[in-house]
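Report on the structure
The chain contents come next:
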Amino acid sequence: MRPAAASLLLLFAAGCAAGGVATTPPNVDPAPVRPPVVAPPPPPPLREPSMAPAEANGRGLMPLASTNAWAFRQANGTWDGRGVLIAILDSGIDPTVPGLSVTSTGDPKTLDLRDFSGEGRIALATIQPSGDGFEVGGRTLRGASRVAALNPTGPYYGGVLRERVLGELPANDLDGDGLGTDVFALVVTRASDGWVLFADTNGDGSLADERPVHDYLLLRETFGWHIPGRPSPLGIAANFSETDGAPTLDLLFDTSGHGTHVAGIAAGAGLYGVKGFDGVAPGAQLIGLKIANNAYGGISVTGSMMRAMDYAIRFASERGFPLVMNLSFGVGNEREGNARIDALVDSVLAEHPDVLLVTSAGNDGPGLSTMGFPASAGRPLTVGATLPAVFLGLAAGEVVAFFSSRGGELAKPDIMAPGIAYSSVPRWSTGEEIKNGTSMASPHVAGAVALLLGAARLESRSLVASQIKQAIVATARPLANALAPDQGPGLLDVTRANDLLRRLPAVAVMNARVGPLAAGGAWDVVGSGSADSTVVVTLEGGLPGPIRIRSDQPWLSVPSTVQNQPPVTTFRATIRSAGAAGAGVHAATITGWASDTTIGPLFRTTAMVVRPVVVPDSSIVLRSRLPAAANYRVFIPADSGRPFRVAVGLAGGPRTSSVLAFLHEPGGQPNRTGTGLEGHADAPAEYEIDGRDVVAGNYELVASAPPAQAVETEVRIQRSPVSFGATRSRPELITGLVTNRTGGRVKGTALFGFQGAERRVVFSQRGGAERRVGFRVPAWANRIVVELTLPRDQWPLFTDLGLTLVDSTGQVLQADPLNYAVGRLAMDLDPDSHGDALEVVISPGLAGVGAMPLWNGELSIRFYAAAPVLMETAETLEFDLAPGATSQLMLPLAETPWSLDPTFFPLGSMVVDVGGVLWGRELPLSDPVPAVQR
């Protein structure tokens, strides 16, 4: 609208300048005034790849060497995964990308595409032709005769697809015109060979020159909208089903690019048309099963994982394919091994022992106990990520990627693989061919499993999933400068795994876990003066008989032999406190062995002693010399309502040197205000945790050295001498409490102010229905923060929970799905947004597809002003406290400086000054218990 208004204003100004205001002769109808035609903006320039595909291939940016996947294929040209099916459970696959259309043998590559997310569901309604056209959603499509040629009598159905609701540019720009606001009409009818759709793909307003598109499974057809002279940015597939004779249409598209990239790593053949530029298993075939709503941040939806797994297993069984499923997906555990999806996945795999699921560990590292689910399930092969040497220029080889999730409460990951690759992406995502994450490591291993299955099939050897997993884990190569919880057994070696598989008997699945320990879960958090601890190790499954038990640390004592009696066997291990003394992490691995030790351990699990650092009343400075790629872990005790600061830098060295600093909350969750900061000698990475955000327990600070450089890191920890907070005790009164947390006397003053406004919504609901909460942006706000909190014991019910901010048109402004029971979305506000109507969309994805459980949530919507406003008090609010003492501070609640919506309450702040050092805490100044919405 703005360009048109500006054009009219210019025309009016030009008319006045040319000779005043024009008048119309009396009794003469004025000539109709036509608004100026505003030409659409030119389309954006075509995107360029990050590197020419041929050059990427020449440099080895599909890193196959370190895992011996390349050597394995070179040993026998037919060992390329042919005859094996890989199911990609992800964001979808664009099969029109070169490399995903045919296998190394010329067979079709992508056999099927199915949508289980509902993102592409098109609402269809019956329509009637009018002359040679259809009216669909307020749009006219000519060429009804083209449709009638397939079905002269109908019925005909119409629906529309809106770009706005598909996310942000460029992903949602389905025709590549640069707008992302188009509405596309579709017509559906039944042909002699099934349901078909027609779309005006070239934008000329007619279906006369369009072809019918069948269900992808029938003819592997795709379509896509485009502007003249350019290809479509995205290949789209159709899924049809039928209810009471009427069609249901789901469009499958990868507006994330994630699934297409993953597919290329697992099984690409001739990527981008470059001969020999292949993924791990170029002979394997694919099915793409979309489980994620991409617009809302790639969130899985209720039951999508289980429905997709069921479909993949049936598809492979009906066609006689050996099957490996890849799930490059996961969210954070509140407590490992508790998730509902873990139990469901293990149950399905137990029913289908020939099927192996490969899944990514997660990207919440380098903190311990960050393994996501369903990576925490027992039967899948869980994959952590390395940084490939080819990307880093390292002669020494792979190192554990800093982002790769770690074990701690579980003996995970099961294997490591390269976590960066140059791979296939849809045309709209050109330039983003290089992606990193455990999402990239998982398909590398899935492709490797396809290589092993394909080789066995060619040699008429039958394999079950437990054999493959055993062979891969037993033959892994450990990496330097990493604990067992960082890397599991080490890096994948396809050749060694195949050698072991040739003589490996059919092994039974055995899982082991340690716990519960002193602090719950499977790791022991104890003080320096603790006595010895006895822990229980539980074995599940396996074959009956004796198992030899080993510990790799002298401070962890285990029995020499255990008689396994499935389904469950237990034994006790003892942690010798004196042998695991000193602040930091002490990790031990317990393994169980058969009489034939060459087949590797039958199980492995970990036990850890984690000792927090003792922080004095003032502050502490710690230094550590770190080898390249090594981690320095410090556990910091925290009290509720007591702010603290951490600075991580270098103790000297050149300005070009750096260290990465990560902060994890108790239990493993990355710090909710952000993590992963770069620190230097003269500019350390700094974390300041507001009193409102502090979680009681032991925070884990991790300093990570660069992959190719040793550094000396310096960590400074400072905690507030007092814990403090305040509430609105009466409508007109604020009551604050300050407690001395030190061993000496503490004097200081307190200040109170306003920061903005907050609204809370507490709700309960059953099942996976979407919930929307609307509001308007106040004129004074320049930032919004949305936080959603669930009870931690309910988080295991979910596979995902979307937290999305949209405007009144449905356009996604920000999407930050929850990764733990507490999630936060933050966005700066443009002044043009003042007064806009926005909505928070809460999209729960529950694990099961049966009974829908009741769950609870608390939503906080916070607006912040550009600057806080101090509350004036009649007298200075001072405190003088003996150790452990508490002071009460009271002041009248001042009038807020901004107008507030009635559903919002003031958002304040409390700052204490102790010896010239300031500490802060955000204050929700509301009634203590908000009303429950149902």
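The preceding data block contains the structure.
What counts and what doesn't
Residues numbered from 1 in each chain as written. Predicted model: local features only at pLDDT ≥ 70, side-chain atom pairs only at ≥ 80, totals over all residues. Heavy atoms only, no water. Helix = DSSP H or I, 4+ residues; strand = E, 2+ residues; numbered from the N terminus. Rg over C-alpha atoms; globule rule 2.2 N^0.38 Å. Buried < 20%, exposed > 50% of the residue type's maximum accessible area, 1.4 Å probe, protein only. Contact = heavy atoms within 4.5 Å. Lys, Arg positive; Asp, Glu negative; His and termini not counted. Charge placed at Lys NZ, Arg CZ, Asp CG, Glu CD. Polar contact = N/O pair within 3.5 Å; in protein donor to acceptor, adjacent residues only side chain to side chain. Pairing = 2+ DSSP bridges. Axes fitted to C-alpha atoms, helices over the stretch in contact; angles between N-to-C directions. 1 Å grid on protein atoms, 1.4 Å probe; cavity = no way out; pocket = protein on both sides within 12 Å on 5 of 7 lines; lining within 4 Å. Points joined across faces, edges and corners; volume = space filled by probe spheres on them. Nonpolar A, V, L, I, M, F, W, Y, C, P; charged D, E, K, R; others polar. Core = buried A, V, L, I, M, F, W, Y, C linked by side-chain atoms within 4.5 Å. Arc of directions from axis to C-beta. Salt bridge = Lys/Arg side-chain N within 4 Å of Asp/Glu carboxyl O. Parallel < 35°, antiparallel > 145°, perpendicular 65-115°, else oblique.

**Some thoughts on the overall build of the chain**
When you go through the chain residue by residue, the secondary structure sums to 13 helices and 57 strands. Its C-alpha atoms give the chain a radius of gyration of 31 Å, within 12% of the compact-globule value 30 Å for 934 residues. Considered along the principal axes of its C-alpha atoms, the chain spans approximately 100 × 90 × 55 Å. The 934 residues of the chain split such that 57% are buried. Long-range contacts, defined as pairs at least 24 residues apart, comprise 75% of the intrachain contacts of the chain with a sequence gap of at least 6. Within the chain, one finds 71 positive and 88 negative side-chain charges whose respective centroids are separated by 6 Å.

**Description of helix H11 (residues 465-474)**
Burial runs high along H11: nine of the ten residues are buried. Within the span of H11, buried status applies to Ala465, Ser466, Gln467, Ile468, Lys469, Gln470, Ala471, Ile472 and Val473. Against strand S19 (356-360), strand S21 (381-387), strand S23 (415-418), helix H10 (438-458), helix H13 (494-501) and strand S34 (603-611) lie the buried residues of H11.

**Examining the environment of Gln814**
Looking at where Gln814 falls in the secondary structure, it is placed in strand S49 (residues 812-815). You can call Gln814 partly exposed: its relative accessible area is 22%. With 729 residues separating them along the chain, Gln814 and Leu85 place their C-alpha atoms 36 Å apart. For Gln814, the contacting residues outside a window of four places in its chain are Leu803, Thr804, Leu805, Leu825, Ala826 and Met827. Only 3.3 Å separates the side chain of Gln814 from the side chain of Asp816, close enough to count as a polar contact.

**Re the side chain of Asn740**
Here Asn740 is to be found in strand S44 (residues 733-740). Among the polar contacts made by the side chain of Asn740, one reaches the main-chain carbonyl oxygen of Gly744 at a distance of 2.7 Å. Within polar-contact distance, the side chain of Asn740 engages the backbone oxygen of Ala882 at 3.1 Å. Filtering out sequence-adjacent residues up to four positions away, Asn740 remains in contact with Pro721, Val722, Arg745, Val746, Leu881, Ala882, Pro883, Gly884 and Ala885.

**What to know about the sheet that holds S44**
Note: strands within a sheet are paired through backbone hydrogen bonds, in either parallel or antiparallel orientation. One open sheet holds the three strands; their spatial order is S43-S44-S54, and the pairing between them is antiparallel. Pairing within the sheet leaves two strands with one partner each, and these edge strands are strand S43 (722-730) and strand S54 (886-892). In this sheet, neighbouring strand axes are inclined to one another by 20° on average, regardless of whether the strands run parallel or antiparallel. Sheet topology note: the S43/S44 ladder contains seven bridges and is antiparallel.

**Re unusual backbone geometry**
A cis geometry characterises the amide bond from Leu169 onward to Pro170, with omega recorded as -5°. Along the chain, Pro170 falls in the loop between strand S8 (156-162) and strand S9 (183-191). Cis geometry marks the peptide bond from Lys412 to Pro413; its omega dihedral reads 0°. Mapped onto the secondary structure, Pro413 falls in the loop between strand S22 (399-400) and S23. The phi dihedral of Arg220 falls on the positive side, at around 55°, and the residue is not glycine. Residue placement: Arg220 occurs in the loop between helix H5 (216-219) and strand S12 (237-243).

**Some points on empty space enclosed by the protein**
In this structure the tally under the stated criterion is one cavity of 30 Å³ or more. For the largest cavity, the calculated volume is near 40 Å³. In terms of lining, the largest cavity is formed by Val399, Val400, Arg406, Ala480, Asn481, Ala482, Asp486, Ala629 and Asn631. For the lining of the largest cavity, the residue count by class is five nonpolar, two polar and two charged.

**Examining the pairing of strand S6 (residues 133-136)**
In terms of strand pairing, strand S5 (residues 129-130) meets S6 through two bridges, oriented antiparallel. Looking at S6, one finds that Ser130 is bridged to Gly133. Connecting S5 to the next strand, S6, in antiparallel fashion are two residues, including Gly131 with a positive phi near 65°. Here four bridges tie S6 to strand S7 (residues 139-142), and the two strands are oriented antiparallel to one another.

**Considerations on the nonpolar core**
Membership of the largest hydrophobic core comes to 88 residues, with the highest contact counts inside it found for Met325, Phe752, Leu859, Phe863 and Met910. With nine residues, the top contributor of residues to this core is helix H7 (residues 304-319). In terms of nonpolar packing, the next biggest core, distinct from the first, is built from 74 residues, Met51, Ala284, Leu387 and Ala455 among them.

**Concerning H13**
Within the sequence span of H13, burial applies to Val494, Ala497, Asn498, Leu500 and Leu501. Along the long axis of H13, the arc covered by the buried residues comes to 160°, so they all point the same way. Check the buried side of H13 and you find it contacts helix H3 (69-75), H10 and H11. Backbone nitrogen of Thr495 and a side-chain oxygen of the N-cap are separated by 3.2 Å at the start of H13; the cap is Asp493.

**A short note on the sheet that holds strand S51 (residues 837-846)**
The strand order S46-S51-S48-S49 describes an open sheet built from four strands, whose pairing is antiparallel. The sheet is open, and its two edges are formed by strand S46 (771-776) and S49, each paired on a single side. In this sheet, adjacent strand axes meet at a mean angle of 20° when their direction is disregarded. One ladder, built from six bridges, connects S46 with S51; its direction is antiparallel. Looking at S51, one finds that Gly774 is bridged to Glu839.

**Re the pattern of salt bridges**
For the coordinates displayed, the defined rule picks out 41 salt bridges. In this structure, Arg82 and Asp80 form a salt bridge, with 2.8 Å as the shortest nitrogen-oxygen distance. What makes Arg82 partly exposed here is its relative accessible area of 25%. For the salt bridge of Asp828 with Arg783, the shortest nitrogen-to-oxygen distance reads 2.7 Å.

**Side note on the packing of H7 against helix H8 (residues 340-351)**
Here H7 crosses H8 at 10°, and the two axes come no closer than 11 Å. As summarised for this structure, H7 and H8 are arranged roughly parallel, according to the angle between their axes. From H7, Met305, Met306, Met309 and Ile313 reach across to H8, where they touch Ile341, Leu344, Val345, Val348 and Leu349. Here the residues of the contact of H7 with H8 sort into nine nonpolar, no polar and no charged.

**Some thoughts on the pairing of S44**
Burial within S44 is extensive, with seven of its eight residues counted as buried. A loop of two residues connects S43 with S44, the two strands running antiparallel in sequence. In terms of strand pairing, S44 meets S54 through seven bridges, oriented antiparallel. Its bridge partner lying in S54, Ile734 is registered against Leu891.

**Side note on the side chain of Glu787**
By the secondary structure assignment, Glu787 is in strand S47 (residues 781-789). For Glu787, a relative accessible area of 10% corresponds to the buried category. At a separation of 2.5 Å, a polar atom in the side chain of Glu787 contacts the side chain of Arg824.

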